[in-house]
Amino acid sequence: MPIKAILTDIEGTTSAVSFVFDVLFPYAAKHLPAFVREQAGRADVAEQLAAVRRESNEPDADVERVVEILLGWIAEDRKATPLKALQGMVWEQGYQAGQLQGHVYPDAVEALKRWHQDGFQLFVYSSGSIQAQRLIFGCSVAGDLTPLFSGYFDTTSGPKREAQSYVNITQAIHIKAGQILFLSDIVEELDAARTAGMATCGLAREGGELAAHITVDSFARIDPAIF
Ligand SMILES: CSCCC(=O)C(=O)COP(=O)(O)O
Ligand SMILES: [Mg+2]
């Protein structure tokens, strides 16, 4: 079955792990406490704070305790949906103020533009919220790349290491799983996508192999026609 769509991870795949760990996460850790304290009454923020209380089994946590929980989750890189939603809101302020610019590897920019021109539908699947995904590509070092993408998926479609999440995405985009090529730097994500029937390609930017998956070190080496 020919590939019709490409679904890509962000951190470690289109974009440097160091951008996420050394720039985005510290920015969120620095600015999230004040953001939460000041915006706790906003409906979309309050909804996420309630979700933090539920997920941490601390229904009575006050705002200061919720901030503490969130900072702990950032430190352990927990892919918790409410944390990701709040990080996206905080990062929006940074992108808007010109303090953040999304890192995307030049080879990824070039390939995504070419694949889009060649008629492939492009989608993103990241643990970062959909808002955060639109920001990293919309305010990227290569300009606004969002016109290239047909859709975005985050952990509201399920965790990235579970096959059901990829089934959910397949159903949402109405393309057969075998016609979707999933790109990631994490073998458990590639395994889950393969279990759901997707074609897979691993990205190992520093070289090496991602067990049992075709692995490349650059988007320049990905030819969707061979999958
Ligand atoms: C959307 S940029 C921020 C990425 C992020 O928060 C994260 O946890 C990385 O997850 P990924 O699934 O892209 O590896
Ligand atoms: Mg990744």
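Residues numbered from 1 in each chain as written. Chains lettered and ligands numbered in written order. Predicted model: local features only at pLDDT ≥ 70, side-chain atom pairs only at ≥ 80, totals over all residues. Heavy atoms only, no water.

The name recorded for the chain in an unreviewed UniProt entry is Enolase-phosphatase E1, from Pseudomonas laurylsulfatiphila. Quoted verbatim from the Catalytic activity (unreviewed entry) heading of the UniProt record, the comment on the chain is "5-methylsulfanyl-2,3-dioxopentyl phosphate + H2O = 1,2-dihydroxy-5-(methylsulfanyl)pent-1-en-3-one + phosphate". Per UniProt, the chain has the following entry under Sequence similarities (unreviewed entry): "Belongs to the HAD-like hydrolase superfamily. MasA/MtnC family." (UniProt positions renumbered as here; feature names shortened; annotations may be inferred.)

Residues in close proximity to ligand 1 total 14 residues, the closest being Lys79, Lys84, Ser126, Ser127 and Lys160. Taking Lys160, its side chain carries an N or O atom lying 2.6 Å from an oxygen atom of ligand 1. Starting from 400 Å² of accessible surface for ligand 1 in isolation, the protein chains cover 98%. Counting only elements with at least two residues in the shell around ligand 1, the list comes to helix H1 (17-39), helix H4 (81-96) and helix H6 (130-138). Taken together, the residues that form the shell around ligand 1 break down as five nonpolar, four polar and five charged. The residues that make up the shell around ligand 1 include at least three from each of domain 1 (5-16 + 103-226) and domain 2 (19-96). (Near = heavy atom within 4 Å. Polar contact = N/O pair within 3.5 Å; in protein donor to acceptor, adjacent residues only side chain to side chain. Areas by Shrake-Rupley, 256 points an atom, 1.4 Å probe, with all protein chains shown as cover. Helix = DSSP H or I, 4+ residues; strand = E, 2+ residues; numbered from the N terminus. Nonpolar A, V, L, I, M, F, W, Y, C, P; charged D, E, K, R; others polar. Domains from an automatic or database assignment.)

In this structure, Leu70, Trp91, Trp115, Leu183, Phe219 and Ile222 are the most contacted members of the largest nonpolar core, which totals 57 residues. Tallying contributions element by element places H1 first for this core, with nine residues. When we break this core down by domain, the ones giving at least three residues each are domain 1 (5-16 + 103-226) and domain 2 (19-96). Not counting residues up to four positions away in its chain, the partners in contact with Leu70 are Leu32, Val36, Val52, Leu83 and Leu86. (Core = buried A, V, L, I, M, F, W, Y, C linked by side-chain atoms within 4.5 Å. Buried < 20%, exposed > 50% of the residue type's maximum accessible area, 1.4 Å probe, protein only. Contact = heavy atoms within 4.5 Å.)

This part is about the sheet that holds strand S5 (residues 199-203). Read from one edge of the open sheet, six strands run S3-S2-S1-S4-S5-S6, paired in parallel fashion. Looking along the sheet, the strands with just one partner apiece sit at the ends: strand S3 (149-153) and strand S6 (215-216). Examined bridge by bridge, strand S4 (residues 180-184) and S5 share four bridges and lie parallel to one another. Residue Phe182 lies in a different strand from S5, and its bridge partner there is Thr200. Where helix H5 (residues 106-117) meets the sheet, it contacts strand S1 (5-8), strand S2 (121-125), S3 and S4, and its direction lies at approximately 135° from that of S2. (Pairing = 2+ DSSP bridges. Axes fitted to C-alpha atoms, helices over the stretch in contact; angles between N-to-C directions.)

The domain architecture assigned to the chain consists of domain 1 (5-16 + 103-226) and domain 2 (19-96). Contacts between the two partners involve 13 residues from domain 1 and, on the opposite side, 13 residues from domain 2. Between domain 1 and domain 2 the total buried area reaches about 1,200 Å² when both faces are included, carbon and sulfur atoms providing 64% of it. If you look at where domain 1 meets domain 2, you find one salt bridge. The residue Glu11 makes a salt bridge to Lys79 at a minimum N-O spacing of 3.9 Å. Between domain 1 and domain 2 we count six residue pairs in polar contact (both at pLDDT 80 or more) in total. (Buried area = accessible area lost by both parts, 1.4 Å probe. Salt bridge = Lys/Arg side-chain N within 4 Å of Asp/Glu carboxyl O.)

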